[in-house]
Amino acid sequence: MKQLLLAATLALSLATPASAAVQTADRIVAVINNGVITLSELQQREAEITASLKRQNVALPPASVLSRQVLDLMVNEQLQLQYAASNGLRVSESEIDQTLQRLAAQNKTDLQGLYARLQQDGLSLEQFRKSLRKDLLLDRIKEREIVGRVNVTDSEVEQVLKSTQGLSNAEYRLAMIQLNIPERADAAQIEKLRLRLAEAQLAIRNGQPFAEVAARYSEAATALSGGDMGWKGASALPPDFIQLLDSMKVGDVTDIVRANGSLFLFKLSDKRNSAGEQLVQQHKVRHILIKTNEATSEAEAKARILQVQDRLQRGASFEAVARQFSEDGSASLGGDLGWLNPGDTVPEFERAFNALQPGQNSEPVRSPFGWHLIRLEEVRSQDVSGERAKLAIKQQIRQRKAEQNYNDWLQQLRAAAFIDDRLIEK
């Protein structure tokens, strides 16, 4: 779980005491397969998001628009949680305990201090643990099912380098308004969406803040944060789009853009050049992998990695055990993966070795490839300005692919699900 997300979860929860929930007769507002969302749950989530928007100084969209956006968000979450349950993905109590420890440290307190703050704001520890479990599980689903399966080849990196020659150091702060084009939409449906986006464009030209218009019109997940996309490197964007951005001034908004099955308006919030020395922390790592596949079940692979761990705990050399038991291509090298940069491995693997001290072995770690034992050999800070462009491009391509694959995956989940929307009573 990313620290910023966890810190935001804490801040959001502390800013929204349970007593703030609207008291009203409850009813079901959506049925998702065998699950439901109630009106009280929707109103509680609306209260949390309203508090978040106010902290960002983003004007609230109309109540009906906010309810629709929040319900769509909750439906997507419930579909993913149902997927996790049916595929045996879960978060253990010990993982939640570790997350609470990290949150307490981030907020410069201990566990007792964290619990006291929760109680002061009307939240029970049980409520907060439930919220953390959900956030951790949603993050794990995305990492295992989407991010961990993204592959970026050297040829893709070289192709981007050629197409962005002279622009590889440029970075752009973007915001967007997105309207999704339904699958098999006809010309009339697309024109209706274009006219709606043109309304948003006119509102911006008439002086309404982009963030306010995004919160009202956008169908993207960024809508409830004013459409902010953060900083994007030139190598993560199509060359034609880079040429468009370079012709714009900071604060300008594009005309309507159609791409990847959606219609967009983009705002150039800021731009900068990232040239210069770039220090990154590199880790020298060895690992042992037991793969899961048709011949080796999850339980068998885990049992085997535990047996390997037992050998290490009884004093066997990690390098020798890796040569004998690892099913990775690095086995002949004693499991040596060399010096790793941030983003070189899947998130679960990177998170595990980041938590180690030099000379320390990890507990068994599950990734999309199977079960690992990881040994951290050394850590160093390295100037990678010479290879910075390739490293940045690789990370940006991976992020772009992951975002697109995640959106496609969510749409497939929704298309295959039974969803009965009862927000507007029939």
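Residues numbered from 1 in each chain as written. Predicted model: local features only at pLDDT ≥ 70, side-chain atom pairs only at ≥ 80, totals over all residues. Heavy atoms only, no water.

Participant: Mind showing me how you'd approach the packing of helix H2 (residues 39-55) against helix H3 (residues 63-86) here?
Facilitator: The relative placement of two packed helices is expressed as an angle between their axes plus a distance between the axes. Remark: H2 packs on H3, axes separated minimally by 10 Å, with the N-to-C direction vectors making an angle of 110°. Relative to H3, the element H2 is oriented roughly perpendicular. Residue-level inspection shows Glu41, Leu42, Arg45, Glu46, Ile49 and Thr50 of H2 in contact with H3, the latter providing Leu66, Ser67, Val70, Leu71, Leu73, Met74 and Glu77. Each residue belonging to the contact of H2 with H3 can be placed in one class, and the counts come to 7 nonpolar, 2 polar and 4 charged. (Axes fitted to C-alpha atoms, helices over the stretch in contact; angles between N-to-C directions. Helix = DSSP H or I, 4+ residues; strand = E, 2+ residues; numbered from the N terminus. Parallel < 35°, antiparallel > 145°, perpendicular 65-115°, else oblique. Contact = heavy atoms within 4.5 Å. Nonpolar A, V, L, I, M, F, W, Y, C, P; charged D, E, K, R; others polar.)

Participant: Sorry if this is basic, but what is going on with the sheet that holds strand S1 (residues 28-32) here?
Facilitator: Strand pairing within a sheet occurs via backbone hydrogen bonds; the two strands may be parallel or antiparallel. As summarised here, the arrangement of the 3 strands in space is S2-S1-S11, forming an open sheet in which the pairing is antiparallel. Each having just a single partner strand, strand S2 (35-38) and strand S11 (419-421) make up the two edges of the open sheet. Here the average twist between neighbouring strands, direction ignored, is 20°. In the sheet, S1 pairs with S2 via 4 bridges, with the strands oriented antiparallel. In the strand pairing of S2, valine 31 is matched with valine 36. Set on the sheet, H2 makes contact with S1 and S2; between it and S2 the angle comes to about 60°. (Pairing = 2+ DSSP bridges.)

Participant: In this structure, what is going on with the nonpolar core? I would like to understand it.
Facilitator: Considering soluble globular proteins, one finds that nonpolar side chains tend to be buried as a cluster. Core analysis: the largest hydrophobic core is formed by 48 residues, its most contacted members being Ile37 and Leu71. Where this core is concerned, the elements lending two or more residues are S1, H2, H3, helix H4 (93-106), helix H5 (111-120), helix H6 (125-145), helix H7 (154-163) and helix H14 (388-416). If near-sequence neighbours (up to four positions away) are discounted, isoleucine 37 is found in contact with Arg27, Ile28, Val29, Ala30, Ile32, Leu71, Met74, Val75 and Gln78. In this structure, Leu179, Ala203, Val213 and Leu265 belong to the second largest nonpolar core, which totals 17 residues. (Core = buried A, V, L, I, M, F, W, Y, C linked by side-chain atoms within 4.5 Å. Buried < 20%, exposed > 50% of the residue type's maximum accessible area, 1.4 Å probe, protein only.)

Participant: What should I look at first to understand the environment of leucine 244 in this one?
Facilitator: Relative to the elements of secondary structure, leucine 244 occurs in helix H10 (residues 239-246). Separated by 10 residues in the primary sequence, leucine 244 and threonine 254 place their C-alpha atoms 8.3 Å from one another.

Participant: Explain the side chain of serine 330 here, please?
Facilitator: Following the sequence through the fold, serine 330 ends up in the loop between helix H12 (318-325) and strand S8 (336-340). The residues touching serine 330, leaving out its near neighbours within four places in the chain, are His287, Gly335, Asp336 and Leu337.

Participant: So what exactly am I meant to see when it comes to the sheet that holds strand S5 (residues 257-259) here?
Facilitator: One open sheet accounts for 4 strands, arranged S4-S3-S6-S5; its pairing is antiparallel. Strand pairing shows two members of the sheet lacking a second neighbour, strand S4 (228-233) and S5, which therefore form its edges. Sheet twist, expressed as the average angle between the axes of neighbouring strands with direction ignored, equals 45°. Bridging between strand S3 (residues 170-180) and S4 involves 5 bridges; their strand directions are antiparallel. Bridge assignment links tyrosine 172 to a residue of S4, and that residue is lysine 232.

Participant: Explain the confidence of the model for the chain here, please?
Facilitator: Interpretation of the predicted coordinates at a detailed level should be avoided for regions scoring low in pLDDT. On average, residues of the chain carry a pLDDT of 84, and 89% of them reach 70 or more. Within the model, the stretch residues 1-23 combines pLDDT values under 50 with 46 contacts to residues more than four positions away or in other chains. (pLDDT = per-residue confidence, 0-100.)

Participant: Is there a simple way to explain the packing of aromatic side chains in this structure?
Facilitator: The description of an aromatic ring pair rests on the distance of the ring centres and on the angle between the ring planes. A full pass over the atoms with the stated rule returns 5 aromatic pairs. Summarising the aromatic geometry, the rings of tyrosine 83 and tryptophan 409 are spaced 5.1 Å apart at their centres and angled 90° between planes, so their arrangement reads as edge-to-face. One end of the pair, tyrosine 83, is in helix H3; the other, tryptophan 409, is in helix H14, with 326 residues separating them in the sequence. On the numbers, 4.9 Å between centres and 55° between planes, the contact of phenylalanine 241 with phenylalanine 266 is tilted. With phenylalanine 241 in helix H10 and phenylalanine 266 in strand S6 (residues 262-273), this residue pair connects regions lying 25 residues apart in the sequence. Of the two residues, phenylalanine 241 and phenylalanine 266, both sit in the buried class. Through a chain of ring-to-ring contacts, three or more aromatic side chains come together here, namely Tyr83, Tyr406 and Trp409. Directly above the ring of tyrosine 406 sits lysine 142, whose terminal nitrogen or CZ lies 4.4 Å from the centroid. Above the face of the tryptophan 339 ring, arginine 380 is positioned so that its terminal group lies 3.9 Å from the ring centre. (Phe/Tyr/Trp six-rings, centres within 6.5 Å; stacked < 30°, edge-to-face > 60°. Lys NZ or Arg CZ within 6 Å of the ring centre and 35° of its normal.)

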